[in-house]
Every structure is written in structure tokens, then in C-alpha cells.
Amino acid sequence: MDILNALVTLLNFVVIPAMAYGSQLALGALGVTLIYGILRFSNFAHGDSMAFGAMVTILVTWWFQSMGVSIDPLPTALLALPFGIVGTALMLLATDRVVYRFYRRVKAKPIVFVMASMGVMFIMNGVVRFIIGPDDQQFGDGARFIISARDFKAWTGLDEGLAFKTSQGLTIVTAVIVVAALFWFLNRTRTGKSMRAFSDNEDLALLSGINPERVVMITWIIVAGLITIAGTLYGLDKTFKPFTYFQLLLPIFASAIVGGLGSPLGAIAGGFVIAFSEVTVTYAWKKVATYLLPDSLEPSGLVQLMSTDYKFAVSFVILIIVLLFKPTGLFKGQSV
Amino acid sequence: MSQSLRTPLMFALVALLFILEGSTQVWIFSGSWNSSITILNMALISAVMALGVNLQWGYAGLFNVGIMGFVALGGLATVLVSMPPTPGAWGAGGFRIVAGLVMGAATILLMVWQYKTMAQGRLRGLTMFATLVVGFFVFRWIFDAGVAGVEAINPAQTGYLGGLNPGGPDNYRAHGYMTLLAWPVGGLLAAGAAWLVGKTALGLRSDYLAIATLGIAEIILAVVKNEDWLARGVKNVIGLPRPVPYEVDLQQSAGFAERATTLGLDTTTASTLAVKLSYSMLFTAVLLVLVILAQLSLKSPWGRMMRAIRDNEVAAQAMGKDVTRRHLQIFVLGSALCGLAGAMMTTLDGQLTPGTYQPLRYTFLIWVMVIVGGSGNNLGSVLGAFVIWFFWIQVEPIGNWLMSMVTAGMADGSALKTHLLDSAAHMRLFSMGIILLLVLRFSPQGLIPEK
């Protein structure tokens, strides 16, 4: 019984939250990796573009809610998602047209692209704050739990409850669908293959008649989809606040690099590696230990390896270790 | 226009901005010398930061986005040097904390040694892992008790180790020179952190340094925010001693009051201005020395070598230059300047408030300054710091003015009008982004180009 209780606690506080967080990171990291593979720069505006996508979705959600449209028990935000994606795609394409295309034409160094993305980051940050304000926003509705802790206790008769939030379930399911669709697209369709060809060898791809501007355009559209979904799911799961999205930049970059920049499979693996390490290192293991260990060995402290405030440190340390020992990442990415 | 004419002209224009701010109330200018000098003081500090970033970016092409972290380290140094030691804190656990930290460092060194000496294989991995686990728990066991001891001492007022000020809790304000001593210490602290980052991330591709510095800045800030025993974390350390006189003392001195009346000012205003001006003079002195040193270094063989490396690494390598080593050197130097500026800023504020450090303000804004001013040109980055800081402060009045123009035709009290007027404050980031993109696109050389 104690072992079951420990297992449920572990699932409830570590495995499920880390799965959801990992899916969100993976979606974000896929975006970073795609931009890196096709446009060949690290996009610093990624976190703020994510906030923009989530913001558009939230505004449409509010509009739906005010009209009484709902798909209960699922959150209305799901219905608003396509609109958010279209809005974000338009915004990203406009940014590309106004900012990045010029530097592509003059074949600027990657670092100039990074600088430009910094400018875009400022603007996006300003726009998001301008429209929706810098504060927390609530937009979740529908059923809160798939399994609530009380029901679980009643069913199983265990001391520990297991809560499985709708947002967590949605995140995991959506992430699986999106990733499957993305891999099908990259591996099976003609356009996807041309994207991979462009990423592998730009000159050869150009030689065989692939239109670079089209590849870039499709990349931005896919990225818009990925980040809007990731941003909205993160907002549903936790909370929407523009500044937290800026801070997500670090774990997202860490995921992409740990997996290997430019490798989609790596981005997913990286996302889960980062999420699971963040959660396990900052989780207070006292409860689990109390169930598993005999009474005489019961820990007096929280058995928390590091306080939650250091969760960025975790992603950073993993990043450094990978950079030192395997600079191309777990799944051989590009390293110039 | 030739450069020799352009540079003084640009600086004269900026000086005019500050004079207008001090003397007229037209448009966005407030007509208050107090506000003008306040902006000037922060602009001087920003100029030191911009100079540091220009060393890294303009001389060597290194992309450092961890400025905030180095600035925070400088601020930390000010507290650690200029505040008095908390009575009893060292006895209650200070030594234990130090012992814990030494233990932690020893664990890491032991792991490095194992990695280097043992043969590759499973045994090495297991030994290193075991060292890590044992070392970590021993570290926490020693460290945590020390922290608890220190933080229990009068937590509402102190609860931290304190600094090195010889005056003690009652008389430490008399030793204001300690704050000045803290400035180079802040530089050294930042240099140490930069050495660690540079050692790991330099030599990899340029984006990686950016991401590594972004991360280290967040970590440094997390440490300063959460380790209450070090500098009280988000509870802030206030009332740092000053290297300049206090307003109250000036107001009470008869000689000062007399001089104020001859200038036609009342004593209170005069004392505020005098204090701010003395800060300005201190900061200007530091900035001047740094600019002269930077200009000399740029023209020296060392400066030529750095630019040669920046422009063509492979060629410089072929000429026998150790590129990674030179990069590390300049990265440490530039970061030390940021640390120095951080210490100066904390001195000016008179308090350390880690809760207010934000990457957009302390890292990315400095980058806008360097790019707008002219990367690779020391005077350019100084000019950029003045211009951008002035506008960063004035964007708010400009935004309010703009919004009142836009909303002039709308009905009073309409939701859109209220929203637009309320959002004027967010114009800051937006306009900085626009400025950065415009300069990057149409004038990538900046206001004063590198020759």
C-alpha cells in the first residue's frame, strides 16, 4: 500500500506535471530548431512571439465567451486556436518581410539576424503589453479535471489523491498530434522534403530548383502554429503573463541545444530532458520518502535538492554539460 | 561630414538636450535641473556599461547578453564591502557557510580531477556520480545549518552576513569611502564570473555564448534574490553609506546655506542638487579615465590585434594568435566594466534591490545603446548611452503627448481612449525596438561609425 501511495504521489507531483511541461517545451523547441535549420539563426524573439500567439488566442476566446460559444467540457481556447495561429502566422510573415528578408538578401552574418531578432523581441514585448497589459490573464474554462484528487481517492481507497487536469491531458494529447503531423509533413510531403533538403545543404537545394522564399514562408507558418499552440497550452496549464513567456526562452533554447540544434527529434527529447530534470530537482521528496523508507529513517527536512527559484539553473547546468561534452547535442544537430 | 567634426557636433547636440531638460518647460522637457542631473547620472553609468559591451562586441565580436548578471554582481559587491558586518553573524554560521561553499567547490574540483585522471568507462562515470551525490549532501548538511543561523539574527533588519565596513552598525555611515572601494571589487567579482562562463562557452559558436550568458545572468540574479544570508535577497539592503555628503548635513552647515543664497537657490534644492552633482563628478571622472584607457588600447598593438581577430579569425590564427585566449581576455575585461558600473549604480541608488533587475532594462537596452552609438567606436557607445537613456526616460512624456494627440478627437471616458492613455507607458519597449531595427537596417555603423 505504501509503495502504491508513493507511486501515486510521484505521478501526481512529478511525472504528470513534467510530461505537460515537457510537451510545451518540446513544441517551443521545435520552433527554435526549425528556424535555426532553415533561417540559420537563434531567434531571441521566440518567447515573445509565443506570448503574441497566446494573446491573439485569448482575445478570440474572450470574444467567443462573450457570445456564449463554448465546447464544454473542453476549454473554449481550443476553438480559438486556429484564429490565433492565423494571426500569429500573419504577424511572423510580416516581420520576415519587413525585417529578416533584407538581411537574407545581403547574406548578413548570423549574429546580425540575432540582433535583429532582439529588436523584434522588444517590439513584440511592447505590442503584447500594449494590447493586453503586463498582468496575469485568466481565460481557461470548461471542466477543470479529467480525474480529480477526491474521486481518485474514493475509487482506489488510497491515502494519496491523483489529480489529472484537463489542461495537462490536452497538452499531452495535442503535443502528440502536432508532432506526428509535423513529422509526417517533413518526411512524407514534397514541401517537407524540400525543407529538409534546404536545411541540409542550401546550395544543393537551390541548384535543384527549390524556391528559398517559399521554404522560408512555410517555415514561419509552421513555427506560428507550433508557438501559438505551445503558448496557449502553457497559458491554460499555468497562467498567461507576458514576462513568463520571455523567461521561457532559456529552457526552450536549452531544450533545442541539448537535443541538437536543427534536429526536430532532438528538440522533443531535449524538451523532456529539461522538464523532467527541472521538476525532479526542485521537487520536495519528503512525502515519497516517508512512504518508502521505514519510520526510523524518515527525513526531517523537505528533501528538496534545490529551491524552485533555481529551476533556470537546472536547465542551464544541463546545457553547459552538453555543450562541454557533446556540443552537437544528443541527436547530432548542426554545429558550425 | 568628416568624423572629426561629427563627433563633437553629436556630443554638443546631446548636451543641448540635457540643458533643455533643465531649463525649459516646452514640449516634453520638464524644466527641472534636478531631473536633468538625475538622467545624466544614470546615463553616465550606462555609458560605462556600454563601453564594456563595446569592448566585447566592437573589438572582438563577442555577443554577451548577460550584462544584467554582471551588473547585479557589482551591486552585490557594494553591499559586501560597504555595509558593516552584522554582529554575531559570523559566529552564528558565517564560517559554516564558507566551509560549506569550500566543500562544494572541492567536490567539483574532485570530479574534474577524476574526469581527467581516470580511464574512460563505466567506472569513471560511477565514481564521478558517487562523488557528486556524497559531496552534495555533505555540502547541504554543512551549509544549511550555517544559513539558518545567520538568517535567524534579527531577520526584519539584518539576517545577513553584512560587509566589511569598519564603523560597525552605529557609525558605518562615517566610512563612506568604503563604497568607493567597492567599485573595483564589483569589477573583480564580475570578472571572476565572466572567466568561468568564458572558459566554458568561448570557442563554441557565437550563438552559444549568447545563450550561456543569458543563462548565467538569470542564475546570478536568482542567487542574489534567494540567498538571504548574502544580501537579504528581495528584502533589499537599504541605507548604504555614501561617498558624498548627506543633504541634511549640507543644510545644517552655515557656509553651504550662505553660498546657496548667493546663487539664488533655497537650501533644500541646493543640497539635493549638490549631492547629485557630486555623484555626477565622480562618475564623469571614472568614465573619462575609462574612455582614455579604451582609446589608448584601441590604438595600441593589442587593439590592432583584437580587430584583426574580429575581422578574420582564421587569418589571425594563421599568424599565430591564440584566438580563444584573446577572446577570454576581452570578455573578462568587458564584463568587469559592467560589474564596476553595477557597483556605481547601487552606490547612486543607496540600496540593493534585486527584485527590480530585468533583462530588458539591464541587458538589451545597453545593446541598443551600443548599436545606435556605433559599435567598435568607444565615443560612439558613450554617445549612444546618453542618447538612448535620455529617450528611455523621455519616451513616457513623448508617449503621453502622442496619445493625447491621437485621442484628442475621441469622446472623453470612452474605453478605447482610457486604454490608449493607460498604455502609453508601454511605448518604451516598442520604441526601443523600432530604433534598434531602423539603425541596424539603414545605418548599421551607428551615429559615430568606427573609422
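Residues numbered from 1 in each chain as written. Chains lettered and ligands numbered in written order. Predicted model: local features only at pLDDT ≥ 70, side-chain atom pairs only at ≥ 80, totals over all residues.

If you look chain B up in an unreviewed UniProt entry, it shows as Branched-chain amino acid ABC transporter permease from Aliiroseovarius zhejiangensis. You can read under Subcellular location (unreviewed entry) in the UniProt record for chain B the words "Cell membrane". (UniProt positions renumbered as here; feature names shortened; annotations may be inferred.)

The name given to chain A in an unreviewed UniProt entry is Branched-chain amino acid ABC transporter permease, with the source organism recorded as Aliiroseovarius zhejiangensis. Under the UniProt heading Sequence similarities (unreviewed entry), the entry covering chain A gives this text: "Belongs to the binding-protein-dependent transport system permease family. LivHM subfamily." A UniProt comment under Subcellular location (unreviewed entry) is attached to chain A, and it reads "Cell membrane".

### Let's talk about the overall build of chain A
Helices and strands together make up the secondary structure of chain A, namely 13 helices and 2 strands. Its C-alpha atoms give chain A a radius of gyration of 21 Å, within 12% of the compact-globule value 20 Å for 336 residues. Counting only C-alpha atoms and orienting by the principal axes, one finds that chain A spans roughly 70 × 55 × 40 Å. (Helix = DSSP H or I, 4+ residues; strand = E, 2+ residues; numbered from the N terminus. Rg over C-alpha atoms; globule rule 2.2 N^0.38 Å.)

### Description of the interface of chain B and chain A
Contact residues are listed per partner, giving 34 residues for chain B and 34 residues for chain A. The element contributing the most residues to the side of chain B that touches chain A is helix α8 (residues 206–226) of chain B, with 13 residues. Looking at the side of chain B that touches chain A residue by residue, the classes come out as 22 nonpolar, 7 polar and 5 charged. (Contact = placed C-beta atoms within 7 Å. Nonpolar A, V, L, I, M, F, W, Y, C, P; charged D, E, K, R; others polar.)

### Points about the UniProt feature "transmembrane region" (unreviewed entry) in chain A
In the numbering used here, UniProt assigns the feature "transmembrane region" (unreviewed entry) to residues 20–39, 51–71, 77–99, 111–132, 168–186, 215–236 and 305–325 of chain A. Helix makes up 100% of residues 168–186 of chain A and strand 0%. Its end C-alpha atoms lie 27 Å apart.

### Regarding α8 of chain B
Spanning 21 residues, α8 of chain B covers 31 Å between terminal C-alpha atoms, matching the ideal 30 Å at 1.5 Å per step. Counted residue by residue, α8 of chain B has 17 buried out of 21 residues, so it is predominantly covered. (Expected span 1.5 Å × (residues − 1). Buried ≥ 20, exposed ≤ 12 C-beta atoms within 10 Å, placed from the backbone.)

### What about the packing of helix α6 (residues 166–188) of chain A against helix α9 (residues 212–237) of chain A?
In a packed pair of helices, the relevant descriptors are the angle between the two axes and the axis-to-axis distance. All names here are of chain A. At a closest axis distance of 9 Å, the pairing of α6 and α9 adopts a crossing angle of 165°. Taken together, the axis directions place α6 and α9 in an arrangement best described as roughly antiparallel. In this structure, α6 crosses over α9, and the sense of that crossing is left-handed. Across from Ser167, Gln168, Leu170, Thr171, Thr174 and Val178 in α6, the residues of α9 making contact are Leu226, Ile229, Leu233, Leu236 and Asp237. In the contact of α6 with α9, the residues fall into 6 nonpolar, 4 polar and 1 charged. (Axes fitted to C-alpha atoms, helices over the stretch in contact; angles between N-to-C directions. Parallel < 35°, antiparallel > 145°, perpendicular 65-115°, else oblique. Left-handed = near helix turned anticlockwise from the far one by under 90°.)

### Let's talk about helix α2 (residues 46–67) of chain A
With 22 residues, α2 of chain A should cover 32 Å at 1.5 Å per step; its first-to-last C-alpha distance of 32 Å lies within 8% of that length. Among the residues trailing α2 of chain A, glycine 68 of chain A stands out with phi positive, at a value near 85°.

### So, unusual backbone geometry
Glycine aside, residues mostly have negative phi, and peptide bonds are mostly found in the trans state. Residues and elements named next belong to chain B. You will see that asparagine 154, though not glycine, has its phi angle at about 40°, which is positive. Tracing the backbone shows asparagine 154 in the loop between α5 (122–151) and α6 (168–171). A positive phi angle, near 65°, is found at arginine 232, a position not held by glycine. A tally of 24 C-beta atoms within 10 Å means that arginine 232 is categorised as buried.

### Focus on the domain arrangement of chain B
Note on interface size: it is often stated as the accessible area lost on association of the parts. Residues and elements named next belong to chain B. The domain boundaries assigned to chain B delineate domain 1 (3–87 + 153–442) and domain 2 (88–152). Put simply, the middle of domain 1 and the middle of domain 2, counted by C-alpha atoms, are 35 Å apart. Counting from both sides, the interface comprises 11 residues of domain 1 and, opposite them, 10 residues of domain 2. Here the side of domain 1 that touches domain 2 is built from residues that sort into 7 nonpolar, 3 polar and 1 charged. (Domains from an automatic or database assignment.)

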